[in-house]
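# Fold and geometry: a report
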Amino acid sequence: MTAAPSLPRLVMEAHGLRKSYGHVIAMDGADFELADNEILAVVGDNGAGKSSLIRALTGAVVPDSGEITLDGRQVSFRTPLDARLSGIETVYQELAVATELDITQNLFLGRELRKPGFMGMVLRQLDKKRMRNEALEHMRNLGIRVQSIRQKVDTLSGGQRQAVAVARAAAWGRRVVILDEPTAALGVRETKQVLELIRRVRAQGLSVVIISHSMPDVFEIADRIHIHRLGRRAAVVATKTVTMNDVVAVMTGAAAPDSLPTAIIHQKKA
Ligand SMILES: Nc1ncnc2c1ncn2[C@@H]1O[C@H](COP(=O)(O)OP(=O)(O)OP(=O)(O)O)[C@@H](O)[C@H]1O
Ligand SMILES: [Mg+2]
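Since the model is a prediction, treat every value here as computed from it, not as a measurement.

What counts, and where the lines are drawn
- Residues numbered from 1 in each chain as written.
- Chains lettered and ligands numbered in written order.
- Predicted model: local features only at pLDDT ≥ 70, side-chain atom pairs only at ≥ 80, totals over all residues.
- Helix = DSSP H or I, 4+ residues; strand = E, 2+ residues; numbered from the N terminus.
- Rg over C-alpha atoms; globule rule 2.2 N^0.38 Å.
- Buried ≥ 20, exposed ≤ 12 C-beta atoms within 10 Å, placed from the backbone.
- Contact = placed C-beta atoms within 7 Å.
- Axes fitted to C-alpha atoms, helices over the stretch in contact; angles between N-to-C directions.
- Parallel < 35°, antiparallel > 145°, perpendicular 65-115°, else oblique.
- Nonpolar A, V, L, I, M, F, W, Y, C, P; charged D, E, K, R; others polar.
- Pairing = 2+ DSSP bridges.
- Domains from an automatic or database assignment.
- Near = placed C-beta within 6 Å.
- Core = buried A, V, L, I, M, F, W, Y, C linked by C-beta atoms within 7 Å.

## Thoughts on the overall build of the protein chain
Across its full length, the protein chain carries nine helices and ten strands. The C-alpha atoms of the protein chain give 19 Å as radius of gyration, which agrees with the globular expectation for 270 residues (18 Å, within 12%). Each principal axis of the C-alpha distribution contributes one length, and for the protein chain these read about 60 × 45 × 40 Å. Looking at the protein chain as a whole, 42% of its 270 residues qualify as buried. A fraction of 67% describes how many contacts in the protein chain between residues 6 or more apart in sequence connect residues 24 or more apart.

## With respect to the packing of helix 6 (residues 158-172) against helix 7 (residues 188-203)
Two elements in contact, helix 6 and helix 7, have axes whose closest approach is 9 Å; the angle formed by their N-to-C orientations is 10°. By the angle between their axes, helix 6 is roughly parallel relative to helix 7. In this structure, helix 6 uses G158, G159, Q162, A163, V166 and A170 to contact helix 7, whose residues at the interface are E190, Q193, V194, L197 and V201. Of the residues in the contact of helix 6 with helix 7, the class split is six nonpolar, four polar and one charged.

## Some words on the sheet that holds strand 10 (residues 232-238)
The sheet built from six strands is open, its strands ordered 6-7-8-3-9-10 with mixed pairing. With partners counted over all chains shown, the strands left at the sheet margins are strand 6 (88-91) and strand 10, one partner each. Geometrically, the sheet is characterised by an average inter-axis angle of 20° between neighbouring strands, direction not taken into account. Sitting on the sheet, helix 7 is in contact with strand 3 (39-43), strand 7 (176-180) and strand 8 (207-211), with an inclination near 155° to strand 8. In the packing of helix 9 (residues 244-252) onto the sheet, contacts are made with strand 3, strand 9 (224-229) and strand 10, and the angle to strand 9 comes to roughly 25°.

## Notes on the pairing of strand 10
Among the seven residues that make up strand 10, six are buried, leaving the element largely enclosed by the rest of the structure. In this sheet, strand 10 lies alongside strand 9 in antiparallel orientation, the contact comprising six bridges. Bridging from a neighbouring strand, R224 pairs with A238 of strand 10.

## Quick look at the domain arrangement of the protein chain
By the assigned domains, the protein chain splits into domain 1 (10-96 + 157-259) and domain 2 (101-151). When each unit is reduced to the centre of its C-alpha atoms, the spacing between domain 1 and domain 2 is 28 Å. Contacts between the two partners involve eleven residues from domain 1, matched on the other side by ten residues from domain 2. When contributions to the side of domain 1 that touches domain 2 are tallied by element, the ones reaching two or more residues are helix 6 and helix 7. The element best represented in the side of domain 1 that touches domain 2 is helix 6, accounting for eight residues. A class-by-class count of the residues in the side of domain 1 that touches domain 2 yields seven nonpolar, one polar and three charged.

## Topic: the site of ligand 1
Taken together, the residues surrounding ligand 1 are Y21, V24, A26, G44, N46, G47, A48, G49, K50, S51, S52 and Q93. Listing elements by their share of the shell around ligand 1, those giving two or more residues are strand 2 (24-35) and helix 1 (50-57). For the shell around ligand 1, the per-class residue count stands at four nonpolar, seven polar and one charged.

## A few points about the sheet that holds strand 2
The strand order across the open sheet formed by four strands is 2-1-4-5, and the pairing between neighbours is antiparallel. Two strands in the sheet have a free side with no partner beyond their single neighbour: strand 2 and strand 5 (73-75). Strand-to-strand, the axes of this sheet are offset by a mean angle of 25°, without reference to chain direction. Note: strand 1 (residues 10-21) against strand 4 (residues 65-70), five bridges, orientation antiparallel. Looking at strand 4, one finds that R18 is bridged to S65. Here helix 1 sits on the sheet and contacts strand 1, strand 2 and strand 4; the angle it forms with strand 2, its principal contact strand, is near 65°.

## Brief notes about the environment of N46
With respect to the element layout, N46 can be found in the loop between strand 3 and helix 1. Residue N46 is classed as exposed on the basis of its C-beta count, with 6 C-beta atoms lying within 10 Å. Separated by 90 residues in sequence, N46 and L136 place their C-alpha atoms 37 Å apart.

## Observations regarding the nonpolar core
In terms of nonpolar packing, the biggest core is built from 72 residues, with V166, V176, V177, V209, I210 and I225 touching the most fellow members. Looking at this core, the element that brings in the most residues is helix 6, giving seven residues. In terms of domain composition, this core takes at least three residues from each of domain 1 (10-96 + 157-259) and domain 2 (101-151). With near-sequence residues (within four places) excluded, V166 lies in contact with V91, L179, P182, V194 and L197.

Structure (structure tokens):
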């Protein structure tokens, strides 16, 4: 259990997560670890169980069994709100913006600021000006350019929408930001923007998990790569030590996981 002092500190860990839907096994003893202030990519074929893993880590799905720890303490999130209250923000694969609302409203969705005193506490009036100012400052800090903070999200481009979803997660995440395929269906320029945003989130001191099918994106941004296969973690590698072909070979089962140098920090003893 005790790790050498030079090893990076782990923020989140999971061991032996299982989840079945009837005969379909979504997680088959999945392990996971996320180090402090790292960008971890999770890769795997369609249906490998990546989203299921993320949903289990963030309270969107309650695993049948297994253990999840945050900062070394066991947690059992029953809802995504539980995870959010623990500082974990997630952008799920199904894009999570309310298109009929504007940018500010999206950033403060479910966390609206009320006016001080009687107006806010009794009449429950929203402090729109303060929310707009904070939204503007936040978007600026993250380097996201939009024409107006009052712009409705359905008038934004795909990349800008994605940026708003990531910005919201970055705004509220205190420990971990998890992004399930944030660059799927984005153009080259928009993808670059989202990747840059992820770097800024990490620069704020957070850890980031990104699920992606794009090997070039993964190799550009990730410190380590978690390879998921058939409902469980097959391997974790340091990006610098492997090639894209290496990763794809393990992902598809063409090569054995132990053909690659492992970068698992906390190897649980059997
Ligand atoms: N709610 C559910 N009901 C039934 N089966 C499910 C459910 N959620 C996931 N599964 C199944 O679990 C397996 C893993 O799905 P999951 O969405 O986690 O894969 P994934 O790796 O995220 O795939 P993709 O790359 O396509 O997003 C699939 O076979 C899927 O059909
Ligand atoms: Mg998925």
